[in-house]
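Results of the structural survey
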Amino acid sequence: MGILEIALYFGTPAVLIVIGLIVGTYNERRHYRSIRQREEELRSLPIHSGETLPEGFEAAEVKLVSGATVIAEDRFKALLAGIRNIFGGHMRSYESLLDRGRREAVLRMKEAARSDGFSVIVNTRFETARIAQGIEILAYGTAAKQR
Amino acid sequence: MLTNLDHLPGWRIKEHKGLVQGSTVQSKHIGRDIFAGLKNIVGGELKGYTELLEEARNEALRRMMDQAKTAGANAVLNIRFATSTITPGAAEILAYGTAVIVEQEGV
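Right, let's walk through the structure included here. Predicted model only: the values in this text are computed from it and were never measured. (Residues numbered from 1 in each chain as written. Chains lettered and ligands numbered in written order. Predicted model: local features only at pLDDT ≥ 70, side-chain atom pairs only at ≥ 80, totals over all residues. Heavy atoms only, no water.)

1. As for the interface of chain A and chain B
Heads up, the condition is: Note on contacts: a residue pair qualifies if any of its non-hydrogen atoms lie within 4.5 Å across the two residues. Take the accessible area each of two parts loses on contact, using a 1.4 Å probe, and add the two losses: that sum is the buried area. A side-chain nitrogen of Lys or Arg and a carboxyl oxygen of Asp or Glu constitute a salt bridge if their distance falls within 4 Å. Polar contact is the term for a pair of N or O atoms within 3.5 Å; when the atoms are in protein, one must be able to donate a hydrogen and the other to accept it, and sequence-neighboring residues count only if both atoms are side-chain atoms. Segments assigned H or I by DSSP are reported as helices when at least four residues long, segments assigned E as strands when at least two residues long, and all are numbered from the N terminus. Only Asp, Glu, Lys and Arg are considered charged in this grouping, and only Ala, Val, Leu, Ile, Met, Phe, Trp, Tyr, Cys and Pro are considered nonpolar; every other residue, Gly among them, is considered polar. Any two strands are treated as partners once DSSP identifies two or more bridges connecting them.
Residue-level contacts link 38 residues of chain A with 31 residues of chain B. A buried area of about 2900 Å², summed over both sides, lies between chain A and chain B, and 54% of it is on carbon and sulfur atoms. At the junction of chain A and chain B, the tally comes to 2 salt bridges. Inspection of the chain A/chain B interface yields 13 residue pairs in polar contact (both at pLDDT 80 or more). Considering every element that reaches the side of chain A that touches chain B, the biggest residue donor is strand β1 (residues 59–74) of chain A, with 12 residues. Here the side of chain A that touches chain B is built from residues that sort into 17 nonpolar, 10 polar and 11 charged. Pairing analysis gives 2 bridges linking β1 of chain A to strand β2 (residues 43–45) of chain B, with the strands arranged antiparallel. Considered in β2 of chain B, the bridge of Ala72 of chain A is made with Gly44 of chain B.

Shown next, in the form of C-alpha cells:
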C-alpha cells in the first residue's frame with residue numbers, strides 16, 4: 001500500500017468521526033435549546049401515563065394523538081458506543097440521543113393536541129423500534145377536551 | 001372515534017365487536033436511504049423516515065378503522081401500536097384495538 005492509500009484507509013473514517021463530533025455536538029446543543037423552550041411553552045398542557053382524567057374533568061371529546069421521530073447517531077457517538085461495548089456500563093452517548101428523541105416525540109404529540117384545541121393527554125405510551133439506520137420513537141395517548 | 005383508553009369518557013359501551021387490526025409493511029425509498037446514510041455521519045433526525053412512518057401509521061389506522069366500520073362499530077378502544085423490522089429494508093407497522101358500539105351517556 002502506498003502512503004496515499006493508507007491515508008485514505010484510515011483518514012476517511014477519522015475525518016467522518018471528527019465531522020460527527022463537531023456537527024453532532026452542535027446539533028445536539030441546538031436541539032436541547034429548542035426542546036427546553038418548547039417544553040416551557042407547552043407546560044400548561046399536562047400529560048398523564050394513567051388512564052383517568054384529572055379530577056373534575058368532564059370530557060366533551062377525546063381523540064387519539066401521537067408524535068414520532070426517527071433519529072440517528074452520529075459517527076462520534078457510534079465510536080463511543082463501540083468503545084463502551086468493550087467495557088460495559090452506561091452508554092451516555094445513546095442516552096442523550098434517546099432522551100432527545102423521546103422528548104421531541106412528546107412535544108410533537110402535545111403540539112398535535114394543542115392545535116386541535118385539546119387540553120390534557122392521558123394514557124401516554126411509548127414505543128421504540130430500530131428501523132433501517134435509525135431509531136423510531138413514538139409517543140401516543142388520548143387527548144381530551146373540557147366540556 | 002379512536003382512543004387508547006379502555007373506555008370512552010362520556011360514552012357507554014353498548015356492544016363489543018371484537019379485535020380489529022390494520023397493518024402496513026413499509027419499505028424504504030432508495031433516495032431517502034442514501035440521504036439517511038449521509039445523515040448518519042452527523043446524526044440527528046432522519047426526517048424522511050419520520051414522514052414515511054407517519055404515513056404508514058396513518059394507513060394502518062385507516063385499515064383498522066375500515067375493519068371496525070365493516071363490523072358495524074363506531075369506536076375503537078384500547079388502541080396499541082407496534083413497529084418491527086421484518087427484513088433489513090422494511091418495517092411493519094401494526095395498529096390494533098377493540099371495536100365497540102358506544103352510545104352517549106344519559107340518553
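2. Considering the pairing of strand β3 (residues 75–87) of chain B
Residues and elements named next belong to chain B. Where β3 meets strand β4 (residues 90–104), 10 bridges bridge the pair, whose relative direction is antiparallel. What sits directly across from Leu77, in β4, is Thr98. A loop of 2 residues connects β3 with β4, the two strands running antiparallel in sequence.

3. Here we look at the packing of helix α2 (residues 75–87) of chain A against helix α3 (residues 92–115) of chain A
Residue and element names in this part refer to chain A. Using the following cut-off: Axes here refer to lines fitted to C-alpha atoms; in helices the fit is confined to the stretch in contact. Angles between the N-to-C directions go from 0 to 180 degrees. For classification purposes, angles smaller than 35 degrees are called roughly parallel, those larger than 145 roughly antiparallel, those between 65 and 115 roughly perpendicular, and all remaining angles oblique.
For the pair α2 and α3, interaxial distance at closest approach is 8 Å and the crossing angle is 130°. By the angle between their axes, α2 is oblique relative to α3. The segment α2 lies against α3, with Lys77, Ala78, Leu80 and Ala81 engaging Ser93, Tyr94, Ser96, Leu97 and Arg100. The residue makeup of the contact of α2 with α3, split by class, is 5 nonpolar, 2 polar and 2 charged.

4. Some words on the pattern of salt bridges
Opposite charge on two side chains lets them pair, provided their charged atoms get close. Residues and elements named next belong to chain A. We apply this condition: Burial classification: accessible surface area is computed with a 1.4 Å probe over protein chains only, and a residue below 20% of its type maximum counts as buried, one above 50% as exposed, and the rest as partly exposed.
Evaluated as defined, the whole model comprises 18 salt bridges over all chains. Salt-bridge contacts for Arg38 lead to Glu104; the nearest nitrogen and oxygen are separated by 2.8 Å. Note that Arg38 is positioned in helix α1 (residues 3–41) and Glu104 in helix α3, a separation of 66 residues in sequence. Note on Arg38: relative accessible area 17%, which makes it buried.

5. A few points about the nonpolar core
Test applied: To define a nonpolar core, start from buried Ala, Val, Leu, Ile, Met, Phe, Trp, Tyr and Cys residues and group those joined through side-chain atoms within 4.5 Å.
In this structure, Leu61, Met64, Ile79 and Phe81 of chain B are the most contacted members of the largest nonpolar core, which totals 27 residues. Those elements that place two or more of their residues in this core are β1 and β3 (134–146) of chain A together with α2 (47–70), β3 and β4 of chain B. The biggest single contributor to this core is α2 of chain B, with 8 residues. In this view, Met64 of chain B contacts Leu2, Val20, Gln21, Gly22, Val76, Ile79, Ala95, Tyr96 and Gly97 of chain B; residues no more than four positions away in its chain are not counted. Core analysis: the second largest hydrophobic core is formed by 14 residues, Leu45, Val65, Val106 and Ile135 of chain A among them.

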